[in-house]
Every structure is written in structure tokens, then in C-alpha cells.
Amino acid sequence: MTRGAAHGYPYYQRQIAKKFRRDAYQACLAYIQGQDPAWWGAQKGPWLSEFYLVATGMHDMMSLSYKDIEELLSKKKSVCQKTLQHNIKLCRGLCRQWAQASLRLGSRAEWNAAVRNARLPEWLKHVRFLDRLNRRHRSSDRKRTGGLRATTGVARHINRRAALWPWGMAMA
């Protein structure tokens, strides 16, 4: 295990809620609990929704492997890696549904206008999120430029993470 060996579930729960923003975290959790998902595993209970929301955040936001998550959370709940993978995938889908129902992302023009009017640090001035229209052109850009056609390395990183994390716009 590479990181966080001294930390357990309560630490990661606080970190995920902080990164996610507490009100959005609570709203997403309430949505997941309202859907009554069919979690894999022998243990059942109302606390499983929050457990898997935290595990999903650990994987997607903190880039921890399933093996690391399994080891770090083993004191809270014993879970095998395949069950963890399935339930994180299920939770990710529920979070995506919540985000689509709850968040208004705006059009490309609205995002560009907001960025123009914001006071951003110099290194962040030219960063833009790629939308679905832009993604269609990326394969031809790769052929010509050898990589994503983004203005900075930061943009490439942000765009990759936003594509992985379905409610990325709610993050700080």
C-alpha cells in the first residue's frame, strides 16, 4: 500500500465530503439512499450507501487502487475486491444520475464567458473543459500533434479527471 496507511474510514469520509463539498455530498448521499441500490455482499444496512460513496471518492478522486481501498476500509467492513469494484461502479452510475438531475453545467459559451469574467491565476487562464463536441475532434488532433490539443498540460489533466469523475463540476 502506497499512501494513507495510518488513516481509516473516518479520515477518508471527511476528505471526500470536503472535496465534494458537504451540501453536495449530503444531497448525493440522500439520492443514492432513495434509490435503494442492490449492493453486492453479505452485509446489509443503511450505512452501505455512504460507505460506497466514500469508496467511490477514494478511487476516483484520490486515485487509490481497489486493493488499497480494500485494505484501508477493512476495519469498517470486510469486502472482497470484486464486490468493491462492482459496488463502486454501481455507485458511480447513481452519482452520475444525481448530477444530471441536480447540476446545471451550462453551455460552452456560458463556460467561456464565466472564465473570461473570472479572476484566475495566470497558469489557469487558458484552461477549458472539453465537451462532447470537442472530444469528437481529439482523435484527429492526436494524429497531427501527437497528443491532446490543449493549451496547457493542466488542461489535459483536468479534462482527463473530469471525464472520469461524473460529477466533476461539483468539486472544488
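As the structure is a computational prediction, the values presented were derived from the model and not from experiment. (Residues numbered from 1 in each chain as written. Predicted model: local features only at pLDDT ≥ 70, side-chain atom pairs only at ≥ 80, totals over all residues. Heavy atoms only, no water.)

Engineer: Would you mind showing me how to read unusual backbone geometry here?
Structural biologist: We note that Arg 21 has phi near 80°; this positive angle belongs to a residue other than glycine. Residue placement: Arg 21 occurs in the loop between helix 1 (9-20) and helix 2 (22-35). For Asp 36, which is not glycine, the phi dihedral falls at a positive 50°. If you trace the backbone, Asp 36 turns up in the loop between helix 2 and helix 3 (48-60). (Helix = DSSP H or I, 4+ residues; strand = E, 2+ residues; numbered from the N terminus.)

Engineer: How should I be thinking about the packing of aromatic side chains in this particular structure?
Structural biologist: Two numbers describe a pair of aromatic rings. These are the distance of the centres and the angle of the planes. If you walk through the whole model with that rule in mind, you get seven aromatic pairs. Here Tyr 11 and Tyr 12 contribute two aromatic rings whose centre-to-centre distance is 5.1 Å and whose plane-to-plane angle is 80°, an arrangement assigned as edge-to-face. We classify Tyr 12 as buried; its relative accessible area is 3%. The rings of Tyr 9, Trp 39, Trp 47, Phe 51 and Tyr 52 are connected pair by pair, giving a single aromatic cluster. (Phe/Tyr/Trp six-rings, centres within 6.5 Å; stacked < 30°, edge-to-face > 60°. Buried < 20%, exposed > 50% of the residue type's maximum accessible area, 1.4 Å probe, protein only.)

Engineer: What should I look at first to understand the confidence of the model for the protein chain in this one?
Structural biologist: Low-pLDDT portions of the prediction should not be read for the details of their coordinates. Mean pLDDT over the protein chain works out to 76, with 69% of the residues at or above the 70 mark. Within the model, the stretch residues 131-138 combines pLDDT values under 50 with six contacts to residues more than four positions away or in other chains. Note that residues 140-172 has pLDDT below 50 and, in this model, 58 contacts with residues that lie over four places away or in other chains. (pLDDT = per-residue confidence, 0-100. Contact = heavy atoms within 4.5 Å.)

Engineer: Help me understand the nonpolar core in this model?
Structural biologist: Most often, soluble globular proteins keep nonpolar side chains buried together rather than apart. Ranked by size, the top nonpolar core spans 33 residues in total, and within it Ile 32, Tyr 52, Leu 53, Met 58, Ile 69 and Leu 84 carry the most contacts. If near-sequence neighbours (up to four positions away) are discounted, Tyr 52 is found in contact with Trp 39, Trp 40, Lys 77, Val 79, Thr 83, Leu 84, Asn 87 and Cys 91. (Core = buried A, V, L, I, M, F, W, Y, C linked by side-chain atoms within 4.5 Å.)

Engineer: Just to check I follow, could you spell out the packing of helix 1 against helix 2 for this structure?
Structural biologist: When two helices pack together, their arrangement is given by the angle between their axes and by how far apart the axes lie. Packing of helix 1 against helix 2 brings their axes to within 6 Å, and their N-to-C directions diverge by 105°. It follows that helix 1 is roughly perpendicular to helix 2 by the angle criterion. In contact with Gln 13, Ile 16, Ala 17 and Phe 20 of helix 1, helix 2 contributes Arg 22, Ala 24, Tyr 25 and Cys 28. Here the contact of helix 1 with helix 2 is built from residues that sort into six nonpolar, one polar and one charged. (Axes fitted to C-alpha atoms, helices over the stretch in contact; angles between N-to-C directions. Parallel < 35°, antiparallel > 145°, perpendicular 65-115°, else oblique. Nonpolar A, V, L, I, M, F, W, Y, C, P; charged D, E, K, R; others polar.)

Engineer: Help me understand the packing of helix 2 against helix 5 (residues 81-102), please; the structure alone is not making it clear to me.
Structural biologist: One way to put it is that helix 2 packs onto helix 5 with a least axis distance of 10 Å and a crossing angle of 115°. What the angle tells us is that helix 2 and helix 5 run roughly perpendicular. Remark: the crossing between helix 2 and helix 5 carries right-handed chirality. Residue-level contacts link Ala 24, Ala 27, Cys 28, Tyr 31, Ile 32 and Gln 35 of helix 2 to Cys 91, Leu 94, Cys 95, Gln 97 and Trp 98 of helix 5. (Left-handed = near helix turned anticlockwise from the far one by under 90°.)

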